[in-house]
Amino acid sequence: MAENPKDIREPAARAAGELRVLIGRLRRTLKELDPIDGLTPTQLSVLSRLHNDGPASPGALAAADRVRPQSMGATLAILEEQQLIERRPDPDDGRRQVVSLTEEAVEIIRGSRRLREEWLARALQERYTEDEFQLLVQALGLLDRLIEP
């Protein structure tokens, strides 16, 4: 195990490592439940970004995922072939395209999220006593402070 910097106490370092591992295991478990199968991380990222943020230009998607425009073009071509996205002329600039999700993709994403959230809710309900559940809810509030600016 790597040595901790002097300003980080051992319990904090140990908790950080355990939390990182736990989050990774939870992500893998939720991913295994995901009916969206066979897509690359970049393809999934594009679908998620379009679902959360709405239509975007291919250039904006490339910049957001930090990939070259040519790579994003290949990603979008595959998603379009699978009828998960559609391209339309930008209403503000007819020379540009805007990419959006198809209705089929929206339904797939909603179903995927619903399935994962239902599994997680059921697991929380079945595996914890009411007191433990309330403690977890409090801990979530504390963990949320980790990512506050």
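What comes next concerns the included structure. (Residues numbered from 1 in each chain as written. Predicted model: local features only at pLDDT ≥ 70, side-chain atom pairs only at ≥ 80, totals over all residues. Heavy atoms only, no water.)

Okay, the layout of surface pockets next. Within this model, the largest pocket holds a volume of roughly 740 Å³. Lining the largest pocket are 20 residues, with Leu22, Leu26, Leu120, Leu124 and Leu136 sitting closest to its centre. Secondary structure elements with two or more residues in the lining of the largest pocket: α1 (10-33), α5 (103-127) and α6 (130-144). Here the element with the most residues in the lining of the largest pocket is α1; it accounts for eight residues. When grouped by side-chain class, the residues that make up the lining of the largest pocket number 15 nonpolar, one polar and four charged. Of the voids in this model, the second largest pocket is the one considered here, and its volume is about 570 Å³. Considering the residues around the second largest pocket, the lining is formed by 17 residues, among which Arg27, Asp34, Leu44, Ser48 and Arg116 are closest to the centre. At the level of elements, α1, α2 (41-53) and α5 are the ones that each hand at least two residues to the lining of the second largest pocket. (1 Å grid on protein atoms, 1.4 Å probe; cavity = no way out; pocket = protein on both sides within 12 Å on 5 of 7 lines; lining within 4 Å. Points joined across faces, edges and corners; volume = space filled by probe spheres on them. Helix = DSSP H or I, 4+ residues; strand = E, 2+ residues; numbered from the N terminus. Nonpolar A, V, L, I, M, F, W, Y, C, P; charged D, E, K, R; others polar.)

To continue, consider the nonpolar core. Among the nonpolar cores identified, the biggest contains 18 residues, and Leu47, Leu50, Leu61, Ile85 and Leu101 are the most heavily contacted of them. Of all elements in the fold, only α2, α3 (58-65), α4 (69-81), β2 (93-101) and α5 reach the threshold of two or more residues within this core. The residues touching Leu47, leaving out its near neighbours within four places in the chain, are Leu39, Leu79, Leu84, Ile85, Leu101 and Ile109. (Core = buried A, V, L, I, M, F, W, Y, C linked by side-chain atoms within 4.5 Å. Buried < 20%, exposed > 50% of the residue type's maximum accessible area, 1.4 Å probe, protein only. Contact = heavy atoms within 4.5 Å.)

Along the chain, Gly73 falls in helix α4. Note on Gly73: relative accessible area 28%, which makes it partly exposed. Counting along the chain gives 65 residues from Gly73 to Ile8, while the straight-line C-alpha distance between them is 44 Å.

The analysis is restricted to geometry; functional conclusions fall outside its scope.
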